[in-house]
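Structure at a glance
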Amino acid sequence: MQDALGALGDPVRRAIIRELADCPDWSRACGTFDLGVSKATRSHHFTVLRHAGLLEQRDVGARRLNRLRREEFDAAFPGLLTLVLTERPPAPTYRCP
């Protein structure tokens, strides 16, 4: 449970999960996500999600493709992934110059 909550506690990782939920299995490579973070940070986020059991990855040539493990995760933590997928991302905060 701690790994799952830790993985889902980060807004970048929740964004990855939401994007994967809208795609067929094995259709998205890690490099296709526009996350606004460095390549190393992106890799870290995918590693955390994989270790928490939220996604599965496989290498196809030079690409690493992803699959959301929705059924498996829902069996372990019913309703948790649904909350993440229905969450509205926070609105940008306006800052005065």
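Each remark here, short or long, concerns the structure printed above.
Residues numbered from 1 in each chain as written. Predicted model: local features only at pLDDT ≥ 70, side-chain atom pairs only at ≥ 80, totals over all residues. Heavy atoms only, no water.

**Thoughts on the environment of R70**
Within the secondary structure, R70 is located in helix α4 (residues 70-76). Apart from the residues within four sequence positions on either side, R70 is in contact with L81, T82 and L85. (Helix = DSSP H or I, 4+ residues; strand = E, 2+ residues; numbered from the N terminus. Contact = heavy atoms within 4.5 Å.)

**What about the pairing of strand β3 (residues 63-68)?**
In this sheet, β3 lies alongside strand β1 (residues 28-29) in antiparallel orientation, the contact comprising two bridges. Each bridged residue has a counterpart across the sheet, and for R28 the counterpart in β3 is N66. Note that strand β2 (residues 55-60) and β3 share six bridges and pair antiparallel. Counterpart to V60 in the pairing with β3 is R63. (Pairing = 2+ DSSP bridges.)

**Points about the packing of aromatic side chains**
Counted according to the given criterion, the structure contains two aromatic pairs. Here F33 and F46 contribute two aromatic rings whose centre-to-centre distance is 5.3 Å and whose plane-to-plane angle is 65 degrees, an arrangement assigned as edge-to-face. Linking F33 in the loop between β1 and α3 (39-51) with F46 in helix α3, this pair joins segments that are 13 residues apart in sequence. Judged by relative accessible area, F46 falls into the buried class, the value being 2%. (Phe/Tyr/Trp six-rings, centres within 6.5 Å; stacked < 30°, edge-to-face > 60°. Buried < 20%, exposed > 50% of the residue type's maximum accessible area, 1.4 Å probe, protein only.)

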